[in-house]
Amino acid sequence: MKLLTKRVYIHTALAVLMVLIVFCSIGAPPALALQKSKADTVSTAGVQFTDIPTAADSIAIRKKAADSSAKAQAAAKQKTQQKAPSTEKPKTLWQIFIFGLLGGFTAVILPCIYPLLPLTVSFFTKKSGSRKKAIGQSIIYGVSIIIIYVTLGLLISIIFGSDALNQLATNGIFNIFFFLLLIVFGISFLGAFEITLPSSLANKLDENADKGGLTGIFFMASTLVVVSFSCTGPIIGTLLVDAASKGDRLGPAVGMFGFALALALPFTIFALFPSALKSLPKSGGWLNSVKVVLGFLELAFALKFLSNVDLAYHWNWFDREIFLSLWIAIGLLMGLYLIGKIKFSHDSDVSYLSIPRTFLAIVVFAFVIYMIPGLWGAPLKSISAFLPPEATQDFNLSSIPGGTAAPSSAPAAVVPASIGERKYASNYTRIKTRGLDSWYDYDQALQVSKATHKPILIDFTGFNCVNCRKMEANVWSDPEVFRRLRDNFVLLQLVVDDKAELPVAEQFVSDYSGKKITTLGGKWSDLEAKRFNSNSQPLYVMLDSDGNVLKDASGSEIPTSPADYDIASYLKFLDSGIAAFKK
């Protein structure tokens, strides 16, 4: 059977909003802390002892030697298996699967696939001769689609490998590549051109689809994948980019499984209930509208990758208000498009506004209005995780949460001039939280802690850390949390993805990972992995003036804290450190 590739035009709103919502879902489970202990020794110089070994002593000595050997092997294995630090906790496979699932359902209502639903189901129904056989062939057709896409995801994982996938989030070349890729996808969806695979490939697969049996059905599924690539390609590309840069090794395969499952389900379901095809909306101009709206979303999503590179490499030209201005402009264009005020080459006239189109336009315009105060420094907490840090704002009218001065009950401690200027501070003016005087060097923070008699709060953070920005906007902005950070701690922010080169004299080979550390961010990420057995951000650790993890009343080390958006819980964590330090 020759599959039709004719374009028809598109509309619907809810599926598009679901795709945008999924972009905001990121989880961050707790990280474990590495505990160390030191044994006191007593000098026995000048005293001689005579050992009389027994059988029990021999057994104990052999057991101790075996335990030491096992620990050494485990440590060596841990070093060789260490992964590259990431700027945020990787997405769970469930999150990646759901993202893929929503992407697949969105692809179904695009003009390259939607018109093929009734044609394909009718083909199976007529060719098979019986309803039972038609259902069986439709299931095989769906499974073939899943196999093709999952194989694509596995190839991505095998080619890049787990370490390379974890490094994508902060790699400048890849972020620029992803930015340009999504821009191309967005322009394609707006109708400037179509991204298609070679027509010879589609023709060859179509010829093989004429064969009978399982082989013919598999090649039919392959033909669908190829001819629909102009619509599904941008969605697949976005999914693979997100899964590869924020997921684990199986992320791309799991994402492709979710996408393919959603794509295959309608063909199977309508084969089970062919009469339901009559209830489907007819193809028309609304199909192209869905595609154009997705194009706008692709353009907006691309800006995040450009912002990542700008922060990590200290370009300092992509400020928060520039980012917001571009999002506001994209939102306005999308809203005007939805109400029919602007039109692209493949669009039909909008003679009236349907209910879904009206509601989506209201949501888009409301979102634009919500973003406008951000141009003057409004926190915009619901989207703060995706915006450049507030410190990049040139004009900020928002107030400091805890006021401008410490209360009289906790006067600000004076830092001795001998400690010198804050090291590396010029690197981090764009992520600095207003009103908080952070330090950025571990050794210097120890000196400040001893001089001011305050505990140290290490904030392992990153330029590209979405959860870090969310914590700073939603939790640190609470007046009580802010006052504790300002008045009761020496705040030490260690940025693990800073690409600034270390002086040659300070570069070293890690005794934990065996890798040569050449950047400032690499130095702090190595410290986090080696001392606290974690490679995700944010991670909060409280230390005393000697660099030891603070202990509670029972003598146990206070555990590290990952992103915790419950303000009461985070306050309890901070208060436990303050109390432990005073004791």
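The paragraphs below set out a description of the structure included in this document.

Rules behind the numbers
- Residues numbered from 1 in each chain as written.
- Predicted model: local features only at pLDDT ≥ 70, side-chain atom pairs only at ≥ 80, totals over all residues.
- Heavy atoms only, no water.
- Axes fitted to C-alpha atoms, helices over the stretch in contact; angles between N-to-C directions.
- Helix = DSSP H or I, 4+ residues; strand = E, 2+ residues; numbered from the N terminus.
- Parallel < 35°, antiparallel > 145°, perpendicular 65-115°, else oblique.
- Contact = heavy atoms within 4.5 Å.
- Nonpolar A, V, L, I, M, F, W, Y, C, P; charged D, E, K, R; others polar.
- Buried < 20%, exposed > 50% of the residue type's maximum accessible area, 1.4 Å probe, protein only.
- Pairing = 2+ DSSP bridges.
- Disulfide = S-S within 2.5 Å.
- Salt bridge = Lys/Arg side-chain N within 4 Å of Asp/Glu carboxyl O.
- Phe/Tyr/Trp six-rings, centres within 6.5 Å; stacked < 30°, edge-to-face > 60°.
- Lys NZ or Arg CZ within 6 Å of the ring centre and 35° of its normal.
- Left-handed = near helix turned anticlockwise from the far one by under 90°.

**Describing the packing of helix 11 (residues 285-312) against helix 12 (residues 320-338)**
For any two helices packed against each other, one specifies the inter-axial angle together with the distance between the axes.
Thought 1: Helix 12 packs onto helix 11 with a crossing angle of 180 degrees between their chain directions and a minimal axis gap of 11 Å. When the axes of helix 11 and helix 12 are compared, the pair comes out roughly antiparallel. Here Asn288, Ser289, Val292, Val293, Phe296, Leu297, Leu299, Ala300, Leu303, Lys304 and Ser307 of helix 11 lie close against helix 12, whose contacting residues are Phe323, Leu326, Trp327, Ile330, Leu333, Met334, Tyr337 and Leu338.
Thought 2: Its residues placed into classes, the contact of helix 11 with helix 12 shows 15 nonpolar, three polar and one charged.

**Description of the pairing of strand 1 (residues 456-461)**
Thought 1: Most of strand 1 sits out of view: six of its six residues are buried.
Thought 2: Of the two faces of strand 1, the one holding Ile456, Ile458 and Phe460 and the one holding Leu457, Asp459 and Thr461 are both buried throughout.
Thought 3: Pairing geometry for strand 1 and strand 2 (residues 490-495), over six bridges, is parallel. Across the sheet, the residue bridging to Asp459 is Gln493, located in strand 2.
Thought 4: For strand 1 and strand 5 (residues 539-543), the ladder comprises five bridges, and the chain directions are antiparallel.

**Quick look at the state of the cysteines**
Thought 1: Under the counting rule described, the total for this entry stands at one disulfide.
Thought 2: The disulfide bridge from Cys465 ends at Cys468, spanning 2.2 Å between sulfur atoms. Here Cys465 and Cys468 share a disulfide; its torsion about the S-S bond, 80 degrees, makes the bridge right-handed. Judged on exposure class, the residue Cys465 and its partner Cys468 are both buried.

**Overview of the sheet that holds strand 1**
Thought 1: Taken in spatial order, the three strands make up an open sheet running 2-1-5, and their pairing is mixed. Strands with a single pairing partner mark the edges of an open sheet, and in this sheet they are strand 2 and strand 5. With strand direction ignored, the average angle separating the axes of adjacent strands in the sheet is 20 degrees.
Thought 2: Against the sheet, helix 15 (residues 466-474) makes contact with strand 1, strand 2 and strand 5, and its axis sits at roughly 135 degrees relative to strand 1, the strand it touches most.
Thought 3: Across the sheet, helix 18 (residues 567-582) touches strand 1 and strand 5, and the angle it forms with strand 5 is around 20 degrees.

**Re the pattern of salt bridges**
Note on pairing: side chains with opposite charge can pair once their charged atoms come close.
Thought 1: Inspection of every chain in the model, using the stated rule, returns ten salt bridges.
Thought 2: The shortest N-O distance in the salt bridge between Arg469 and Glu472 comes to 3.0 Å. Taken together, the residues Arg469 and Glu472, both in helix 15 and three residues apart, mark about one turn of the helix. A single burial state applies to Arg469 and to Glu472, both of which are buried.
Thought 3: In this structure, Asp511 and Lys530 form a salt bridge, with 3.3 Å as the shortest nitrogen-oxygen distance. Separated by 19 residues along the polypeptide, Asp511 in the loop between strand 3 (508-509) and strand 4 (516-517) and Lys530 in helix 17 (residues 520-532) bring together distant segments of the chain.
Thought 4: Taken together, the shared-partner salt bridges in this structure form one network comprising Glu480, Arg483, Arg484 and Asp575.

**Description of the packing of aromatic side chains**
Thought 1: All told, the structure shown has 18 aromatic pairs when counted by the stated rule.
Thought 2: Ring geometry for Phe301 and Phe305: centres 5.6 Å apart, planes at 80 degrees, overall edge-to-face. Note that Phe301 and Phe305 are positioned in helix 11 at a spacing of four residues, about one turn of the helix. Summarising the burial analysis for this pair, Phe301 and Phe305 share the class buried.
Thought 3: A centroid spacing of 5.9 Å and a plane angle of 40 degrees characterise the contact between Tyr570 and Phe573, whose relative ring orientation is tilted. One end of the pair, Tyr570, and the other, Phe573, are both in helix 18, three residues apart, so they sit about a helical turn from each other. Each member of the pair, Tyr570 together with Phe573, is buried.
Thought 4: Through a chain of ring-to-ring contacts, the aromatic side chains of Trp317, Phe318, Phe323 and Trp327 assemble into a single cluster.
Thought 5: Sitting over the ring of Tyr337, Arg357 keeps its end group 5.7 Å from the ring centre.
Thought 6: When the ring centre of Trp439 is taken as reference, the NZ or CZ atom of Arg422 above it lies at 4.0 Å.

**Digging into the packing of helix 3 (residues 93-108) against helix 10 (residues 251-272)**
Thought 1: Packing of helix 3 against helix 10 brings their axes to within 7 Å, and their N-to-C directions diverge by 35 degrees. Relative to helix 10, the crossing made by helix 3 is right-handed. Counting all contacts with helix 3, which are made through Leu93, Ile96, Phe97, Gly100, Leu101, Gly103, Gly104, Phe105, Ala107 and Val108, the residues of helix 10 involved are Gly251, Val254, Gly255, Phe257, Gly258, Phe259, Leu261, Ala262, Leu263, Leu265 and Pro266.
Thought 2: Split into classes, the residues belonging to the contact of helix 3 with helix 10 amount to 15 nonpolar, six polar and no charged.

Function cannot be read off these values alone, since they describe shape.
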